Amino acid sequence: MMLVKALLIALYAGLAGVDLFDGQLHFHRPVVTGAIVGLILGDFEKGLVVGAALELVFMGMVPLAGAQPPNVVIGGVLGTAFAILANLDPKVAVGLAVPFAVAVQGAITLILTVYAWFIHMADKYAEEGNVKAVEFINLAGMIPLFVFYAVVAFLPLYFGADAAKNIINSVPQVIMDGLRVAGGMMPAVGFAMLLKIMLKKEYIHFLILGFVLVSYFKLPLIAVAIIGIILAAYSYYNGNLGSKDTEKEGVSDGI
Amino acid sequence: MAYNSNENKLLTKKELYSMAWRSLFLQASFNYERMQAGGWVYSLLPALKKIYKDKKDELIKAMKEHLEFFNTHPFLVTPILGIIAAMEEKGEDREAIRGVKVALMGPLGGIGDAIIWLTILPITAGLGASLAIQGNPLGPILFLVLFNIIHFGLVFWGINYGYNTGLNALAALRTGAKTISALASIVGLTVVGALIASYINMKTPLVIHAGQATVEVQKVLDEILPNMLPLIFTLFIYWLLKKGLSPSKIIGIVVLFGIVAKYFGIF
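Residues numbered from 1 in each chain as written. Chains lettered and ligands numbered in written order. Predicted model: local features only at pLDDT ≥ 70, side-chain atom pairs only at ≥ 80, totals over all residues.

1. Some details on the interface of chain B and chain A
- Counting residues at the interface gives 94 residues for chain B and 101 residues for chain A.
- When contributions to the side of chain B that touches chain A are tallied by element, the ones reaching two or more residues are α2 (37-51), α3 (56-66), α5 (94-132), α6 (138-165), α7 (168-199), α9 (228-242) and α10 (247-263) of chain B.
- Counting residues per element, the side of chain B that touches chain A draws most heavily on α7(B), at 21 residues. (Contact = placed C-beta atoms within 7 Å. Helix = DSSP H or I, 4+ residues; strand = E, 2+ residues; numbered from the N terminus.)

2. Here we look at the domain arrangement of chain B
- Domain assignment breaks chain B into domain 1 (13-198) and domain 2 (202-263).
- With centres defined by C-alpha atoms, the gap from domain 1 of chain B to domain 2 of chain B works out at 40 Å. (Domains from an automatic or database assignment.)

3. Considerations on the nonpolar core
- Judged by nonpolar contacts, the single largest core of 166 residues is most densely connected at A:I9, A:A13, A:A81, A:A153 and B:L44.
- In terms of residue count, the dominant contributor to this core is α5(B) (17 residues).
- With sequence-adjacent residues up to four places away left out, A:I9 is seen in contact with A:V37, A:I40, A:V77, A:A81, A:A153 and A:L157. (Core = buried A, V, L, I, M, F, W, Y, C linked by C-beta atoms within 7 Å. Buried ≥ 20, exposed ≤ 12 C-beta atoms within 10 Å, placed from the backbone.)

4. Considerations on unusual backbone geometry
Residues and elements named next belong to chain A.
- With a phi angle near 70°, H26 is a residue other than glycine that sits in the positive phi range.
- Along the chain, the position of H26 falls in the loop between α1 (2-19) and α2 (30-41).
- A positive phi angle, near 50°, is found at N87, a position not held by glycine.
- Summarising the element assignment, N87 is placed in the loop between α4 (72-85) and α5 (90-114).

5. Quick look at the environment of B:I266
Residues and elements named next belong to chain B.
- Along the chain, I266 turns up in the segment after α10.
- Assessed through the 13 C-beta atoms surrounding it within 10 Å, I266 is described here as partly exposed.
- With 30 residues separating them in the primary sequence, I266 and F236 have C-alpha atoms 17 Å apart.
- Beyond its immediate stretch of four places on either side in the chain, I266 contacts T204, L206 and A261.

This is the structure:
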């Protein structure tokens, strides 16, 4: 039975790995992965909850300017699967999944370096005017990615699920509790990565506002998002954006 | 520059939408040498094939040149595709085509990062996760629907805008980049502030005994500022990132910190 489940999860992981780069419908995000892996393993509800916890961790870990973040696909798939199979607290699963995702990304970087070979083949076919071959070379790039993700998801699930369960059960309680604490804090890493890119002196008050609206006023996320959009619209129509885009007018004071 | 006053347009909706669909495979042969070059040619080919139907030499020249390094945001490649297709159709100089392509990919990559990866993804995925974390199956569905309405809206708007506006789009896209990034930062930061307060789990069980009195540290902290620990911790990690530590190292530090803090009963 585990073979069928592991194969289904491997199929999903392969498709999700391709979706990370191509198509990009974003069914590879943990919030979706959790539900699907949960469905396959027969615990939909737990899958949803673990997927949501993983989503928050991976939220800021996006491919910015070519830098490769921890792998969200494998982190989501294995994090959810181990949480369900080894009956882990979602926070412990987060603590386990993220280091795994970091390791897998190393392998992906290697694959994408080797891929330069594809593009040299495309050069050759372009020279010959072989349009079909140039098109095929591009699409064929998805095959190794699919296989890689499917295999990386399948092996630990099929051969390692019991072993992983035993290992996890033999880990001292203090470490498991520590992982739970670390998993609870882990979203801070993603949020800090978002801040690193967006935060500028003239915008700090928006960050504080969002924080205060939840901490004191207990507003749900969607309400805060709408308030953010209203503030952006207000800034736009009143022309007081920190960095002026109307360079030709040469007015530099934003207020 | 009335570039769209071109009366004998070759390209129709058919080629334009074919380019838009193909742009979903912009990164199929992504590699560190030329990044999206293979996918860029693949996406542009419906236009090139039609424009250079009976001119194989021209087609070869165009394909070879478009296999040069290319990288932009995958959701915002269609405006560039549209503009370049219009230029190819008008028979513009190859140098000019290359110049425009290179001039656009950077700014559009920047806008894309700001509005997609830093604003729309955190907001839509955050909404989905806020439902899913309560076991509500609408979470992932809401995320997929909201995200893809914006995704496909941008892709299909872009191809029409780029092709119809042609080179006139150049100035607008480049100067608009800053405004859009600023607006995205406002929405994004407001939401990140809310996420920090909502989803970082840090409460200390510490109790201080002072003579007869016992003081629960978490209660005191909550009275000063609720969610103070998550805020301080996020700013600490932000500082580490600013110092140049890699995310992988920071994740390692967080795991160790969690175990040590638990061991000493701080968390």
